[in-house]
Amino acid sequence: MAIISSPRTIGVCGIGQIGLALGLACWRSGYRVWLHGRNPQKLDKARQDLQKMDRWLASEFPEMQPTYGELDYTPDLAPLIREADLVVEGIAEDLAAKVKLWHALKDVALRGGILCSSTSGLSISEMGRQSGFPAQVIGTHFWNPPHLMPLVEVVAGQGTAPETVEATMQFCRSIGKDPVRVNADVPGFIGNRMLHAIFREAIEIVAQGVASAEDVDKVARMTFGLRLPVVGPLENMDLVGLDLIQTIHKYLLADLAANRGPSPLLDRMVEDSRLGMKTKVGFYDWKKRDPAALIEARDQQIVRELKRIIREAHLQVPNGNKQSKGTRPPMDVE
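Account for helix α4 (residues 95-104), with residues named and values stated.
For α4, the set of buried residues is K98, V99, L101 and W102. On an axial view of α4, the arc spanned by its buried residues comes to 155°, and they lie on one face. Exposed residues lying more than 90 degrees from the buried face of α4 are A96 and K100. Its buried side turned inward, α4 meets β1 (9-13), β4 (86-89), α5 (106-110), β5 (114-117), α6 (124-131) and β6 (137-142). For α4, the N-terminal cap is D94; the gap from its side-chain oxygen to the backbone nitrogen of A96 is 3.3 Å.

Shown next as structure tokens:
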């Protein structure tokens, strides 16, 4: 089966953070977009939220030159089944639900369309196998907040065709994202494996009484967190010297958290409904903190860092397209 290498019509399933951001990015990059959500009332709100995000990006990144395509909202899958060349799902993190969606969109696959999952760690290989179209199922893990974060992890399953990988990488670039290829379909891919290793050790430090949650977060923000935008962990090891890293590992690694499941502290907190912001208490007392202010501060920091990256590396701005209309390659079916 020939795979569509240059999709022109994009279907987006799901109207949460991922779906809205993807719909926005594709629309701003000149694509024909169908944004699908099952609830008509929520679709109306999604329309308002997407327009608000668009205005916010325009104010933060006036250097953008978006080449708006067409954007429509639909409570059923019929337009996607009929027209989409590539579909990205941003639905619940449930393998069965994602496979059910791919079955419903089989006509997209039958004409060579690509099925992209935004899962943050589910098996792409298993998803492809159960869908019946493994060659065209691929992972595209967009990071939160997806309207700002430029990187996408592109994950090939065991049955994903090389043509699907290449077309997906190019699609991500076309909407202003920076894709990295994940060479093995492992749980958590790249970023979440590293992130949850940090989470595991942070929980253990608090559980052992070594430091408070506040001080653990302060250390992360004010030490290695300051370096990470410029120096990655492997670069940092090379700068330090691998012989010194080896020496430190000989005494330190044996003392780090090595639990193969959730921490007992985390289990107790969940059992006590101390779930974080959603229940107003977790490691912090969210009755005394403003989560909206923290999220705004986070997004502004990302904006500042993105502007530095754009200035120094001449990368595309998020969800923007510096090309003029008419420069998008014509649809090409290989």
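Tell me about the packing of aromatic side chains, and please be specific about residues and values.
For the structure shown, the criterion picks out three aromatic pairs. Plain terms: the ring middles of W27 and Y68 are 4.5 Å apart, the flat faces sit at 50° to each other, and that makes the pair tilted. With W27 in helix α1 (residues 17-28) and Y68 in the loop between α2 (40-60) and β3 (70-74), the pair connects residues that are 41 residues apart, well separated along the chain. Overall, Y68 belongs to the partly exposed group, its relative accessible area being 30%. Sitting over the face of the ring of F61, K307 holds its NZ or CZ atom 5.6 Å from the ring centroid.

Would you mind going over the nonpolar core in detail, with residue names and values included?
For soluble globular proteins, the rule of thumb is that nonpolar side chains tend to be buried together. In this structure, L50, F61 and F171 are the most contacted members of the largest nonpolar core, which totals 44 residues. No other element matches α1, which puts eight residues into this core. With residues near it in sequence (within four places) discarded, L50 still touches L20, G23, L24, W27, L35, L71 and Y73.

What counts as what
- Residues numbered from 1 in each chain as written.
- Predicted model: local features only at pLDDT ≥ 70, side-chain atom pairs only at ≥ 80, totals over all residues.
- Heavy atoms only, no water.
- Buried < 20%, exposed > 50% of the residue type's maximum accessible area, 1.4 Å probe, protein only.
- Helix = DSSP H or I, 4+ residues; strand = E, 2+ residues; numbered from the N terminus.
- Arc of directions from axis to C-beta.
- Contact = heavy atoms within 4.5 Å.
- Polar contact = N/O pair within 3.5 Å; in protein donor to acceptor, adjacent residues only side chain to side chain.
- Phe/Tyr/Trp six-rings, centres within 6.5 Å; stacked < 30°, edge-to-face > 60°.
- Lys NZ or Arg CZ within 6 Å of the ring centre and 35° of its normal.
- Core = buried A, V, L, I, M, F, W, Y, C linked by side-chain atoms within 4.5 Å.

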